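Secondary and tertiary structure notes
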Amino acid sequence: MERPDLYVLARFLDKLYHDGPRMKKTNLQLRVGLNYPRFIEYLDWLVSHGFVEKIVEEGTELYSLSTQGLDAYRHLVVWIRETMKGMRI
């Protein structure tokens, strides 16, 4: 993925921040609202760029925000909410 949609990235960060701290892939997909192939593209991008961490516990894959992901949340999501007042992410 060359240029991801910042609003989609913001949805991932927002859901992991508010609904986390750790989420299964299926729960995250339902909350983000993307079809599975597109969801996997974004999730892989977020993991490969260090915003999301994949954790395996007892054979279950869980995803959470990394320190870099928390910083991105504070900058991107908070900025969108302040700038685009009333807009849902």
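Values in this document were obtained by computation on a predicted structure and should not be read as measured data. (Residues numbered from 1 in each chain as written. Predicted model: local features only at pLDDT ≥ 70, side-chain atom pairs only at ≥ 80, totals over all residues. Heavy atoms only, no water.)

**Some points on the packing of helix α1 (residues 6–19) against helix α3 (residues 36–48)**
Put simply, α1 and α3 touch, their axes get as near as 11 Å, and they point 75° apart. When the interaxial angle is binned, α1 and α3 end up roughly perpendicular. Here Val8, Leu9 and Phe12 of α1 come into contact with α3, specifically with Phe39, Tyr42, Leu43, Trp45 and Leu46. Residue classes in the contact of α1 with α3 are distributed as eight nonpolar, no polar and no charged. (Axes fitted to C-alpha atoms, helices over the stretch in contact; angles between N-to-C directions. Helix = DSSP H or I, 4+ residues; strand = E, 2+ residues; numbered from the N terminus. Parallel < 35°, antiparallel > 145°, perpendicular 65-115°, else oblique. Contact = heavy atoms within 4.5 Å. Nonpolar A, V, L, I, M, F, W, Y, C, P; charged D, E, K, R; others polar.)

**Comments concerning unusual backbone geometry**
Negative phi values dominate among residues other than glycine, just as trans dominates among peptide bonds. A cis amide bond, omega 15°, links Gly20 with the succeeding residue Pro21. Among the structural elements, Pro21 can be located in the loop between α1 and β1 (23–24). Backbone geometry at Glu58 places phi at a positive 50°, although glycine is not the residue there. Relative to the helices and strands, Glu58 resides in the loop between β2 (52–57) and β3 (60–65). Given the relative accessible area of 85%, Glu58 is considered exposed. (Buried < 20%, exposed > 50% of the residue type's maximum accessible area, 1.4 Å probe, protein only.)

Function cannot be read off these values alone, since they describe shape.
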